[in-house]
Amino acid sequence: MAKQNKPELLAPAGNFPTLVTAINAGADAIYFGIQGFNMRARAKNFTIKDLPKIKKLSQQKTKKIKLYLTLNTIIYDNELKKVETIIKKSKKYIDAIICSDISVMLLCKKYKVPFHISTQCSISNTETAKFYKKLGAERIVLARELNLKQIKQISKIIPTEVFIHGAMCISVSGRCLISQFAFNQSANRGQCIQPCRRPYTIKDNQNNELKLENNYILSPKDLCALPFIEKLKNAGIKSFKIEGRNKEPEYVDTVVKTYRKAIDKKLTKKEIEQSLKNLNKVYNKGFSSGFLLDTPTSDDFSKVEHSSATQKKQFIGKITHYYPKLNVGLLKISKGPLKLNDNILIIGKTTGLIRTKINSMQINHKDINSANKGDEVGLKLPKCRKGDEVYRIIKK
């Protein structure tokens, strides 16, 4: 595939550790939210004051990472001035705004800010694509309920962005009302508490109950397009999007690296199998092709409430000092034990994410094989920083 035809790899970021991790893992672009008006209100998100730092981080020596700000919730009249302020103040730091409310689109046009249409608009046909193109959109994020044939057709009209990996919603393009009705937390305002992930029983008006064979009847498996990524690469899609602004840095790291490799070259069958094993190590609810190949069936519903990941992380402590000339970090252990040959993650706002293995440990310059809560231990580590958090990787 010619370099200029490679789809953009678009990664999520909910905070600085995931932002840095996504950049280091090979993302071409990052999408993120500002506190208040995006579909992941429960993510830590960023503030207007963070934008200069985000912009600086995106200016890499080898390439410039594009930045897309999400302003894709329903907007009310009393919020229009605040939204306008966000658009004015963010203009010089971002490449585009992802939006769904027409008021935001009009404000983007007013201030000459490029805008992309959110998947919340459920764009599913060529006529709707033509409408938003005429309105001034540079790109549309297609509805998730489309197959590859439909995507190809719409992609001839306007540049398209398509989800290739991550959580799926039981409702059309995420416009769900369960959270609002049951808990007064609106998904369309970014507040969804995901009641769909819970197990359910059927009850009639006489209180007779039936428990279903798989009672996660509202919880789809995660989308994973890796096994048929070559078909997507030939579909005319402008941007491959990874879901996950609420996800942890290790998820972003693994998923971005996996799809980076798959975009840059054609994977062998063995490489795909190994990549799927890697994806299974981080948060997932089982994998599905979604609507991309065919209409989902009962096999595309999850069988777990939380995650099927084959690994988890356990917080160990924080770096108290790093000696760059020695490549040694001091770790204050808050929760042990930590042992020789343990695999660890180091996570920080500037560091992003580092994966490494404990090959040597010392206390007071004496070699040890393990350390426990309260110990301050010296470790040979790649460059990290004071305050970085250290986690031990545990197989489930």
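Because the structure is a prediction, the values reported are computed rather than measured. (Residues numbered from 1 in each chain as written. Predicted model: local features only at pLDDT ≥ 70, side-chain atom pairs only at ≥ 80, totals over all residues. Heavy atoms only, no water.)

Chemist: Could you give me a rundown of the overall build of the protein, with the residues and numbers involved?
Modeler: What the protein contains, in helices and strands, is 10 helices and 22 strands. At 22 Å, the protein has a C-alpha radius of gyration in line with the 21 Å of a compact globule built from 396 residues. Seen through its principal axes, the protein has C-alpha atoms that stretch 70 × 60 × 50 Å. Considering only intrachain contacts with a sequence separation of at least 6, the fraction spanning at least 24 residues in the protein is 66%. With an accessible surface of roughly 20100 Å², the protein has 50% of that area assigned to carbon and sulfur atoms. Counting 73 positive and 34 negative side-chain charges, the protein places the averaged centre of each group 6 Å from the other. (Helix = DSSP H or I, 4+ residues; strand = E, 2+ residues; numbered from the N terminus. Rg over C-alpha atoms; globule rule 2.2 N^0.38 Å. Contact = heavy atoms within 4.5 Å. Areas by Shrake-Rupley, 256 points an atom, 1.4 Å probe, with all protein chains shown as cover. Lys, Arg positive; Asp, Glu negative; His and termini not counted. Charge placed at Lys NZ, Arg CZ, Asp CG, Glu CD.)

Chemist: Requested: an account of the pairing of strand 14 (residues 328-333), with residues and values cited.
Modeler: The sheet contact formed by strand 13 (residues 311-323) and strand 14 spans 6 bridges and is antiparallel. Note on strand 14: the bridge partner recorded for Ile319 is Leu331. The pairing of strand 14 with strand 21 (residues 376-380) spans 5 bridges and is classified as antiparallel. Bridging across to strand 21, Val328 finds its partner in Lys380. (Pairing = 2+ DSSP bridges.)

Chemist: Please provide a residue-by-residue account of the packing of helix 3 (residues 80-90) against helix 4 (residues 102-110), values included.
Modeler: At a closest axis distance of 10 Å, the pairing of helix 3 and helix 4 adopts a crossing angle of 40 degrees. As the angle between them shows, helix 3 and helix 4 are arranged oblique. The handedness of the crossing between helix 3 and helix 4 is right-handed. Across the interface between the two elements, Leu80, Val83, Glu84 and Ile87 of helix 3 pack against Ser103, Val104, Leu107, Cys108 and Lys110 of helix 4. Classifying every residue of the contact of helix 3 with helix 4 by side-chain character gives 6 nonpolar, 1 polar and 2 charged. (Axes fitted to C-alpha atoms, helices over the stretch in contact; angles between N-to-C directions. Parallel < 35°, antiparallel > 145°, perpendicular 65-115°, else oblique. Left-handed = near helix turned anticlockwise from the far one by under 90°. Nonpolar A, V, L, I, M, F, W, Y, C, P; charged D, E, K, R; others polar.)

Chemist: Describe a positive patch on the surface, with residues and values.
Modeler: Side chains of Lys49, Lys81, Lys88 and Lys89 sit close together on the surface and give a patch of like positive charge. As for its position among the elements, Lys81 is in helix 3. Given a relative accessible area of 68%, Lys81 falls into the exposed group. (Patch = residues over 30% accessible without salt bridge, like charges linked within 9 Å, V, L, I, M, F, W, Y side chains within 5 Å. Salt bridge = Lys/Arg side-chain N within 4 Å of Asp/Glu carboxyl O. Buried < 20%, exposed > 50% of the residue type's maximum accessible area, 1.4 Å probe, protein only.)

Chemist: Describe the pairing of strand 7 (residues 160-166), listing the residues and the values that go with them.
Modeler: For strand 7, the buried fraction is high: 7 of the 7 residues fall into the buried class. By the bridge criterion, 2 bridges tie strand 6 (residues 139-141) to strand 7 in an arrangement that is parallel. Following the sheet pairing, Ile140 is matched in strand 7 by Thr160. On the question of chirality, the crossover connecting strand 6 to the parallel strand 7 by way of helix 6 (residues 148-155) is right-handed. In terms of strand pairing, strand 7 meets strand 11 (residues 239-242) through 4 bridges, oriented parallel. Counted as the bridge partner of Glu161 is Ser239 from strand 11. Two elements, strand 7 and strand 10 (residues 222-224), share 2 bridges in a ladder whose sense is antiparallel. Bridge assignment links His165 to a residue of strand 10, and that residue is Cys224. (Right-handed = clockwise from strand over helix to strand, strands pointing away.)

Chemist: Pulling in residues and values, what's your account of the sheet that holds strand 17 (residues 352-357)?
Modeler: Ordered by their spatial adjacency, 8 strands build an open sheet running 17-16-22-13-14-21-18-19, and the pairing between neighbours is antiparallel. Sheet topology places strand 17 and strand 19 (366-367) at the edges, where each strand pairs with a single neighbour. Along the sheet, helix 9 (residues 249-264) contacts strand 13, strand 16 (343-348) and strand 17; its crossing angle with strand 17, the most-contacted strand, is approximately 85 degrees.

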